[in-house]
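Below are the chains, spelled out letter by letter.
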Amino acid sequence: MRKTKHSWAAFVGGGNKKGEKMAGENARILPKATHERIKKQEVKRKGTLKTLAGKLLKTVVGGKEMVEKVGAEDVAVNLLKRPTSRKGVERGMPAEETICRFIEQGKFLEACEQIHNLEHSGNDGMKTSESIYVLLAEQMWTVVGEALGGSDRMLLEPLQSVGESLKWEKQKEVEWLGNGLETESVSTWSPNFWRKDLEEKLMQYMTAQIPLFGSSANTDETALKQHLNNLEMTFLPSLEHRSDIFKEAGLLITYARCCHASLCSHLATLTDSNSFSFSQSLLIYEWSIKMYKSGSQACVRPGHIPQHSLSLGAQCLVWILLKTEEKLLEIARKEVGEALKEAFDIGKPPCADAAVIEILTEKTEAARRVSESLSEKVEAECLEEYLKFLESYEDEVRSFLQLDSCPKICSSLRILENCCLLRTVWHKLIYICSVSTEQNIKVNGFLHRMEDDIMEHFLQTITSKVKETLKDHFKKCDSGFDHILESLNQSFLTFGKKKTDTYEALIKAVNAIIITEYMQALLTTPRKPSAMQRRRIVNKIEEDHRMMQAIFKECLGPAAGSLKDPVKAILELIQTSDPEGMKIALLPILKEFPDLRKEHLSAVLDIKDVLSREDRAALLKTFHDNCRESETEANLLFADIEVKPRKYGLCGCLCC
C-alpha cells in the first residue's frame, strides 16, 4: 500500500492558488465533521501565524515603526498573503518575509538556513537572527506539543523538519568549532539550547501523563500494585503509541530518552519516600525485573525501534533496579534496626527467639522470591545490622549499669535473659545464613562481655541486699529474708531461658551467695544466747532451710541435688541428741567443708540447746583430730567468715 504524505501548507491553510483549489476539491469529498474540524484548525493556525508575523516584523530594521503605523495584525495579514515560492526570493523578497513564510509552512530547516544567512549578512543581522531563532523555536515546540497531543498524520512533515533542524544545529556547531570559532560564542548561540528545550517539553508532557499516586492516604501495597499496573497497561502503551510519529520524524532516540527519564524520575520519587516500607520498595523492584525480562523497554518494544536504541531501555531499567535495590537495602537496615531495638528494650519483657529470627530473615525470604542475588545482599545487610545493634546494646547496658540509683533485680535479669536470647538467635542464624568467621567472633565477643558485666553487677546487687537483710535476721522476728527469697523465686521463674548454661550458672552463683551470707550471719550471732533464743534460732534455721531448698529445687530441678548444703549439715549436727551421734555427724561436715575452723564449730555448738561441757570438749577434740587443710580453693565456704573469740572462757582447754 502506498503511503500518502500530507502537506503542512495544506494543513495550515497557506500555499498558492493551486493548493487552495485542491483544498476546495478535497473539502467537497470529506465528511462534514472532518471539514469543520479542519476549518477550525485553519482559523486557529492563521491567528497564531499572524501573531508570529507581527513578532517577526518587530525584530527587523524599521519593522517596529511599520507596525506602529499600520498595525501588527494588518502587517501580518499582508505578509501572509505574499508569494511563497523560491522565485519570490530571487525577485528580491526581504529575507525576513521569506523566513516567516517558511516558518508558516512548517519548513523549519529552510528557515534555519535563511536565518543563518541573515546572521552573516552584516549590519544588525546577528541581533535580528537571535530574535528570529527564538520565535522559530516557539513554533517548533508548538508542533511538538500538537504531535504529543494527537496522532494527526499532517503533523509528520513539520515534525520531521524539527528533527532536521536539530541535526542542522549539531552540524553547524561542529563546523564552527572546527573553524576555530570561540567556544563562548558557540555555547551562547540560541539553537544550541534547542535539544535541551525539546527534552524539557517532552519531559513535561510525559510527567503530566503519569497516573497520580500518594495524593491520598491510600498508599498501601494494594494501591501501589494498582499504580504499577496503570503504568504498565496505560502510561507506557500511550507513550509507545505516540512514538511512531517521532520515529518517522527521526526523533525517537530523544523521545525514548525522555520517556525513560520521566519513568526513572517517578520511580525514584516513589522509592525515596520515607513512608515506603521494604515490601513496597520490593514491589517496584519486582515490577522492574518483570519489565526487563518481558522485553518491554520502558516505553517502546524491540520490534518498534532500531537496534541501537534497545540498550537505552535496558540501561533505564538497570538504573531503576540499582536505585531501588539501594533503597531496599537502606530500608532493610532501618526496619531491622528499629525492630531489634523494640524487641530488646530493657524496660520491656523479652520476646521469643522465633520473633527475632523472623525479624532477621523475613526480608531475605521475601527478596529470595524475587531474586536470589538480591536476597543474598539483603541477608548480608541484616547480619551487619545485627552486629551494629549488638554494639549499641552493649553501650546501653553499660549506661544502665552506671546509673546512680541501683537498678532493680528484675531489670538486671531481663538484660541477662536478653543476652541468652541474642546468643540463641545467633546460633540459629549460623545455620540459616551465610555467617563469616569474623562476624561470629565479633558477636561472641559482644555477648561474652555483656554477660560477664551484667552477671557481675547482678551478683553484687544480690550480695548487698541479702547481707543487709540478714544483718539482724536472728534477732528479729521478721527481717524480710523470706521476701527476698520469694522475689528471687518469682524473677527466676519468669526467666525465659531456663535451659541455658547461663541460667544454671546464675542460680548456682546466687545459691552460693545466699548460703555464704546466711552462714556469716548465723556464726556471727552474739553469744551466748539464752535457751529460748537458741530454740528460736534453730526453728528459724529450719524454716529458712526449707524455703531455700524449695526455691532452688524449683529453679534447678534435679540439678539442685548437686548444690552444697551446709545449713542442712549444721541442722543435723545440732539436732542430734547424743554426743556420739554428733561426732558421727561432724565427720562428713569436715570432709565436705575442709575450711571449717575451730571458732566456726564453737559458734555452732553455742546454738545447741543442751550440751554439757564434757560433750563440747569431746566434739572439739574430734574436730582437732580430723580437721585437715584444704588442698584446693574449691568449696571454701567458711574461709572468709570471721568469728570473734568468746569473751567468757573459763579455762584454757579446748572446750572454751
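Refer to the structure above for everything that follows.
For the structure given in this document, a descriptive report is provided here.

Criteria and cut-off values
Residues numbered from 1 in each chain as written. Predicted model: local features only at pLDDT ≥ 70, side-chain atom pairs only at ≥ 80, totals over all residues. Heavy atoms only, no water. Helix = DSSP H or I, 4+ residues; strand = E, 2+ residues; numbered from the N terminus. Buried < 20%, exposed > 50% of the residue type's maximum accessible area, 1.4 Å probe, protein only. Contact = heavy atoms within 4.5 Å. Salt bridge = Lys/Arg side-chain N within 4 Å of Asp/Glu carboxyl O. Patch = residues over 30% accessible without salt bridge, like charges linked within 9 Å, V, L, I, M, F, W, Y side chains within 5 Å. Areas by Shrake-Rupley, 256 points an atom, 1.4 Å probe, with all protein chains shown as cover. Core = buried A, V, L, I, M, F, W, Y, C linked by side-chain atoms within 4.5 Å. Axes fitted to C-alpha atoms, helices over the stretch in contact; angles between N-to-C directions. Parallel < 35°, antiparallel > 145°, perpendicular 65-115°, else oblique. Left-handed = near helix turned anticlockwise from the far one by under 90°. Nonpolar A, V, L, I, M, F, W, Y, C, P; charged D, E, K, R; others polar. Expected span 1.5 Å × (residues − 1). Phe/Tyr/Trp six-rings, centres within 6.5 Å; stacked < 30°, edge-to-face > 60°. Lys NZ or Arg CZ within 6 Å of the ring centre and 35° of its normal. Polar contact = N/O pair within 3.5 Å; in protein donor to acceptor, adjacent residues only side chain to side chain.

1. Focus on the overall build of the protein
Each helix and strand in the protein was counted, giving 27 helices and 0 strands. Buried positions account for 45% of the 656 residues belonging to the protein. Contacts spanning at least 24 positions in sequence make up 76% of the contacts within the protein whose residues lie at least 6 apart.

2. A few points about the pattern of salt bridges
In total, this model carries 21 salt bridges according to the counting rule given. Glu504 is the partner of Lys508 in a salt bridge, and the nearest nitrogen-oxygen pair spans 3.1 Å. In this pair, Lys508 and Glu504 are both assigned in helix H22 (residues 501-523), 4 residues apart and thus about one turn of the helix distant. With a relative accessible area of 31%, Glu504 lands in the partly exposed category.

3. Some remarks on the environment of Lys475
On the secondary structure map, Lys475 appears in the loop between helix H20 (437-470) and helix H21 (481-493). Given a relative accessible area of 52%, Lys475 falls into the exposed group. In this view, Lys475 contacts Pro526 and Arg536; residues no more than four positions away in its chain are not counted.

4. Concerning a nonpolar patch on the surface
A cluster of nonpolar side chains, namely Tyr292, Val318 and Leu322, defines an oily patch on the protein surface of about 270 Å² accessible area. Note on placement: Val318 falls in helix H16 (residues 310-343). By relative accessible area, Val318 is classed as partly exposed at 35%.

5. Some points on the nonpolar core
What tends to happen in soluble globular proteins is that the nonpolar side chains get buried as a cluster. Phe458, Phe492, Val510 and Met519 are the most contacted members of the largest nonpolar core, which has 110 residues in total. What Phe458 contacts, discounting residues up to four positions off in sequence, is Ile409, Ser412, Leu413, Leu488, Phe492, Leu506 and Val510. Counting residues in hydrophobic clusters, the runner-up holds 61 residues, among them Met206, Ile245, Phe246 and Leu252.

6. What about the packing of helix H24 (residues 566-575) against helix H25 (residues 579-592)?
Packed helices, taken two at a time, are described by the angle their axes make and the gap between the axes. Running from amino to carboxyl end, H24 crosses H25 at an angle of 165°, the nearest separation of the two axes being 8 Å. The orientation of H24 with respect to H25, classified from their angle, is roughly antiparallel. Once H24 is placed against H25, the crossing between them reads as left-handed. Here H24 contributes Ala569, Ile570 and Leu573 to the contact with H25, which in turn contributes Met582, Ala585, Leu586 and Ile589. Split into classes, the residues belonging to the contact of H24 with H25 amount to 7 nonpolar, no polar and no charged.

7. A word on helix H23 (residues 531-556)
Taking 1.5 Å of rise per residue, 26 residues should cover 38 Å, and H23 covers 37 Å from first to last C-alpha, within 8% of that figure. When we look at burial in H23, the residues that qualify are Arg534, Ile537, Val538, Lys540, Ile541, Asp544, His545, Met548, Ile551, Phe552, Cys555 and Leu556. Along its buried surface, H23 packs onto H21, H22 and H24. Where H23 terminates, the next one or two residues include Gly557, which has phi positive at roughly 70°.

8. Some details on the side chain of Thr364
By the secondary structure assignment, Thr364 is in helix H17 (residues 353-368). For Thr364, a relative accessible area of 3% gives the class buried. Excluding anything up to four places from it in sequence, Thr364 contacts Ser375, Val378, Glu379 and Cys382.

9. Describing the packing of aromatic side chains
Tallied over the full model, the rule gives 12 aromatic pairs. Both rings, one in Tyr133 and one in Trp194, keep their centres 5.9 Å apart while their planes meet at 75°; by these two values the pair is edge-to-face. Taken together, the residues Tyr133 in helix H9 (residues 125-149) and Trp194 in helix H12 (residues 194-209) connect sequence positions 61 residues apart. Take Tyr133 and Trp194: they sit in the same class, and that class is buried. When the ring of Tyr386 is compared with that of Trp426, the centres are 5.7 Å apart and the planes differ by 5°; the resulting orientation is stacked. Taken together, the residues Tyr386 in helix H18 (residues 372-401) and Trp426 in helix H19 (residues 409-432) connect sequence positions 40 residues apart. An identical accessibility class is assigned to Tyr386 and Trp426; each is buried. Just above the ring of Phe278 sits the side chain of Lys363; from NZ or CZ to the centre is 5.8 Å.

10. Side note on the environment of Arg242
Within the secondary structure, Arg242 is located in helix H13 (residues 221-248). Sequence separation of Arg242 and Leu148 is 94 residues, and the distance between their C-alpha atoms is 6.7 Å. In this view, Arg242 contacts Leu148, Gly149, Tyr205 and Tyr255; residues no more than four positions away in its chain are not counted. Within the structure, the side chain of Arg242 is placed 3.1 Å from the side chain of Tyr205, a separation counted as a polar contact.

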